[in-house]
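Architecture at a glance
So the chains spell out like this:
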Amino acid sequence: MAGTVFQEITPLLLKVFQSIEEDGILPNSFCEVSITLIPKPDSSIVSAVVLQDLLAYVSSKHSCLRDLPQRQPQKMNSIEFVELKHLQPEILVHAVLRVVDITILTEALYSYRGQKQKKVVLTVEQTQGQHYVLVLWGAGAAWYPQLQRKKDYIWKFKYLFVQRNCVLENLELHTTPWSSCECLFDDDIRAIKFKAKFQTSAPSLVKMSDLAAHLEDKCSGVVLIKAQILELVFPITAVQKKQITLNVHSSLKSIFSSLPNIIYTGCAKCGLELETDENKIYKQCFSCLPFAVKKMYYRPALMTVVDGRHNVSIQVGSELIEKILLNIPPDWLNRVIVSSSGITYGMVAADLLHAFLALSEAPCLLKIQSLFVLDENSYPLQQDFYLLDFYPDNVKHDPTP
């Protein structure tokens, strides 16, 4: 097996080094990427002896390889977590980092498993404001969706390769075939230690901005904006209707009749909507087994807001819908408040929604989380907005961050 690998690899390497001799320069890949081969002791595919023989043979044919600096091999079980200010080039490291920003370089394409793939670059930090670059290669680029959803969170990255950028002369982190990542939530002891050590400065205040300026800045983060609410759209999957749209023209009666369709029964752990079988019995959430508790939720909605000539759609989570309805639980809608009156919580909820949408002519103060994904020319490839809180303008309220 080892001899076969030797025979297959040698012609490929000879072709590469023949090109080096003819052109007199190293290819870009030699300047940008260095790889340390760490054979597993129990591996029977390529032994360390074969690799050493291959290196000696190629070195004898191409003397330029002898001038490359020697590198001490690392053992996978001895790699340490590092502080970014103590990075050293040409080694593998683990690191706990906060993801500050994500950029997709649409013009920096490379081939991975026979397909063209865009380069994904993260801006990361430990000490607040001291930014470093982490490049996601190959399989690491598949982390992008989860990193985007939990940007500004603290992440644990393992098996990153430290390399000096040959143009900017700064040290960068690069993923390897062994790399992995894990999101650390606020109550995780590792996240608590990270904040205590690196994020000790006072939190910045949430800035006030208008919608036009915020869209022009294209800066991710938490902001306060004043805008008029045009409508709430509830996507529906359990009925034939595709969505329910409520706005200032919706009558109180139509809102009340829509309430059964804007709630659903889901897994009490992850919130996934549960389907029913032919006997109208709810199926289990297999990803959360053995946890099998059910809970009722309000459906998330898309809130369209406008400020002058600009309008955007803001995602409103189930918790915020419940807050708009003064924290009336979705499973209380059919309950009677006072038995003698016959008024149900559903009637109150419908009236609250009707009043909320009737305020659309007056601006509402919204606290939103914005996420912009930009290319190298600062063109937005994706922009998402999430409602964190709201304050009707006719209510005197001094929002705190």
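Refer to the structure printed above.
My aim in this report is to walk through the structure given alongside it, one point at a time. Everything numeric here is computed off the predicted structure, so don't read it as measured data.

Brief notes about the nonpolar core
F234, L353 and L366 are the most contacted members of the largest nonpolar core, which has 42 residues in total. Core analysis: the next-biggest nonpolar cluster, separate from the first, contains 26 residues, V93, V120, L136 and L160 among them.

Re a nonpolar patch on the surface
Taken together, the side chains of F256, I337, V338, I343 and M347 make up a nonpolar region of the molecular surface, amounting to roughly 400 Å² of accessible area. In this structure, I343 sits in the loop between α8 (318-324) and α9 (345-358).

Notes on helix α3 (residues 48-61)
Under the 1.5 Å per step criterion, the end-to-end length of α3 is 20 Å for 14 residues, consistent within 8% with the ideal 20 Å. Along α3, the residues classified as buried are V50, L54, V58 and S59. Viewed along the axis of α3, the buried residues span an arc of 165°, placing them on a single side of the element. Structural note: α3 exposes V49 and Q52 on the side pointing more than 90 degrees away from its buried face.

Some points on the side chain of S370
Along the polypeptide, S370 turns up in strand β13 (residues 364-374). With relative accessibility at 0%, the residue S370 sits in the buried group. In this structure the side chain of S370 is engaged in a polar contact, spanning 2.8 Å, whose partner is the side chain of H214. If sequence neighbours within four positions are ignored, S370 has contacts with H214, C219, S220, G221, D384 and F385.

Digging into the packing of aromatic side chains
The geometry of an aromatic ring pair comes down to the distance between the two centres and the angle between the two planes. The final tally for this structure, using the stated rule, is eight aromatic pairs. With a centroid separation of 6.0 Å and an interplanar angle of 85°, the aromatic rings of Y153 and F185 are classed as edge-to-face. Taken as a pair, Y153 in the loop between α4 (144-149) and β4 (154-164) and F185 in the loop between β5 (171-184) and α5 (189-198) lie far apart in primary sequence, 32 residues in all. F185 gets classed as partly exposed once you look at its relative accessible area, which sits at 42%. Seen in terms of ring centroids, F356 and F390 are 5.5 Å apart; in terms of plane orientation they differ by 80°. Their pairing is edge-to-face. With a gap of 34 residues between them, F356 in helix α9 and F390 in strand β14 (residues 380-392) connect regions that are remote in the sequence. The burial state of F356 is the same as that of F390; both residues are buried. Across the ring face of Y153, the terminal group of K150 is positioned such that the distance to the ring centre comes to 5.5 Å.

Looking at the pairing of strand β1 (residues 92-112)
Taken together, the six bridges between β1 and β4 define a ladder with antiparallel strand orientation. Within β4, the position partnered with V93 by the bridge is L160. Sheet topology places β1 next to strand β2 (residues 115-125); 11 bridges connect them, and they run antiparallel. Bridging across to β2, I104 finds its partner in V120. Joining the antiparallel neighbours β1 and β2 is a turn of two residues, in which R113 adopts a positive phi near 55°.

Notes on the pairing of β2
Pairing of β2 with strand β3 (residues 131-136), which is carried by six bridges, proceeds in the antiparallel orientation. Within β3, the residue paired with L122 across the bridge is L134. Taken together, β2 and the strand that follows it, β3, pair antiparallel across an intervening segment of five residues, in which G129 is found at a positive phi of about 95°.

Focus: the environment of H214
Here H214 shows up in helix α6 (residues 211-217). With sequence-adjacent residues up to four places away left out, H214 is seen in contact with S209, C219, V223, S370, F372 and F385.

Some thoughts on unusual backbone geometry
The residue after L289, namely P290, is reached through a cis peptide bond having omega 10°. As for its placement among the helices and strands, P290 is situated in the loop between β9 (263-267) and β10 (294-298). Here the phi dihedral of K218 falls at roughly 55°; this positive angle occurs in a residue that is not glycine. At K280, a position not held by glycine, the phi torsion is positive, near 65°.

With respect to the side chain of K156
Secondary-structure assignment places K156 in strand β4. Once residues within four sequence positions are removed from consideration, K156 is found in contact with F81, A95, V96, S180, C181, E182, L184 and R190.

Let's talk about the pattern of salt bridges
Counted according to the given criterion, the structure contains eight salt bridges. For K197, the salt bridge is made with E83, and the minimal N-O distance between the two is 2.8 Å. With K197 in helix α5 and E83 in the loop between α3 and β1, this pair connects stretches of sequence that are 114 residues apart. Among the residues examined, K197 registers a relative accessible area of 53% and is labelled exposed. When its relative accessible area of 19% is taken as the criterion, E83 is described as buried. If you follow the salt bridges from partner to partner, you end up with K156, E182, D188 and R190 in one network.

Reading guide: rules and limits
Residues numbered from 1 in each chain as written. Predicted model: local features only at pLDDT ≥ 70, side-chain atom pairs only at ≥ 80, totals over all residues. Heavy atoms only, no water. Core = buried A, V, L, I, M, F, W, Y, C linked by side-chain atoms within 4.5 Å. Buried < 20%, exposed > 50% of the residue type's maximum accessible area, 1.4 Å probe, protein only. Patch = residues over 30% accessible without salt bridge, like charges linked within 9 Å, V, L, I, M, F, W, Y side chains within 5 Å. Areas by Shrake-Rupley, 256 points an atom, 1.4 Å probe, with all protein chains shown as cover. Salt bridge = Lys/Arg side-chain N within 4 Å of Asp/Glu carboxyl O. Helix = DSSP H or I, 4+ residues; strand = E, 2+ residues; numbered from the N terminus. Expected span 1.5 Å × (residues − 1). Arc of directions from axis to C-beta. Polar contact = N/O pair within 3.5 Å; in protein donor to acceptor, adjacent residues only side chain to side chain. Contact = heavy atoms within 4.5 Å. Phe/Tyr/Trp six-rings, centres within 6.5 Å; stacked < 30°, edge-to-face > 60°. Lys NZ or Arg CZ within 6 Å of the ring centre and 35° of its normal. Pairing = 2+ DSSP bridges.

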